[in-house]
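Structural description and commentary
Single-letter residue listing:
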Amino acid sequence: MAASNKWLMSSAAYYLDFFTIPLFIGLALWLAPLAPWQLLAGLLAWTLVEYSAHRFLFHSLYRREHWTHHIDVLAYIGVSSWKTSSTFAALLLLAWYTGLTSVFIGAVTGYFYYISVHYVMHRPEHWAYRYIPGLVANHDLHHRQGIEKNFGVSSPLWDYVFRTFIGKPARVETASESHVAVINQTEGT
C-alpha cells in the first residue's frame, strides 16, 4: 500500500499536545470541582474513542495516512496538535456549560496517557518502556503486516469486547518440522 505524507508534521507540532493537554486539565480543574464518577466515565469514554478512531478511521478512511506510521514508527505522524487543541478547547467550553467538566478531565487525561504510552512503546530505550510490556506486545502484533487486530493502544478493553484482540500468534510450523511430523506419524502406524 502506498503511504501518504499528509499527516507528517514538524517536531514542534507533534510534541505540542504534551504541553497543552496538562494546561487543559489544569484549567478544567480550576473551572469546576472534580467528580470522581465523571472522571471514570470520561476515561472509559476515551478508551472507546481511541479504539474506534484507530479501527474505523485510521485503518479504513485514513488508511494511507496512518500507514506511514506503520512504515516508520518514529516519524512525526498524527493528527496535528493544533486540531486537537482546538477540539479540546471547544469540548471544555461545552463540558463546563453542561456541568460535565470532570468527564472532560477524564477523557483528556485518557488522551494524554494514550499519546504518552504510544510514544514510549516505539522507543525501547525510554525509561518507561519496561513498565508496559503487555501493551508493547499487543501493539507490536498490531504493527505486523496482515494483522488487523489490537486497535486499543492504551488498553485492550475494547479489543476484548469487539473480539479484535490477538495474543501471541500461533507458531508457524516450518517445512522441516512438518516433514518430521509426517515421518513420526507414519512410523507410529
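Residues numbered from 1 in each chain as written. Predicted model: local features only at pLDDT ≥ 70, side-chain atom pairs only at ≥ 80, totals over all residues. Heavy atoms only, no water.

1. Digging into the confidence of the model for the protein chain
For the protein chain, the mean per-residue pLDDT works out to 87, and 87% of the residues sit at or above 70. Residue range residues 172–186 is modelled with pLDDT below 50. Its contacts to residues more than four positions away, or to other chains, number three contacts. (pLDDT = per-residue confidence, 0-100. Contact = heavy atoms within 4.5 Å.)

2. Describing the UniProt feature "transmembrane region" (unreviewed entry) in the protein chain
According to UniProt, the positions carrying the feature "transmembrane region" (unreviewed entry) are residues 12–31 and 103–121. As annotated, residues 12–31 has a helix share of 95% and a strand share of 0%, and its two end C-alpha atoms lie 28 Å apart. For the annotated span residues 103–121, helix accounts for 100% and strand for 0% of the residues, and the straight-line distance between the end C-alpha atoms is 27 Å. (UniProt positions renumbered as here; feature names shortened; annotations may be inferred. Helix = DSSP H or I, 4+ residues; strand = E, 2+ residues; numbered from the N terminus.)

3. Here we look at the environment of H122
Within the secondary structure layout, H122 lies in the loop between α6 (101–121) and α7 (133–143). Separated by 14 residues in the primary sequence, H122 and V136 have C-alpha atoms spaced 8.1 Å apart. When near neighbours in sequence (up to four residues on either side) are disregarded, H122 contacts H69, V73, L74, H139 and H143. One polar contact links H122 to H139, side chain to side chain, over a distance of 3.1 Å. (Polar contact = N/O pair within 3.5 Å; in protein donor to acceptor, adjacent residues only side chain to side chain.)

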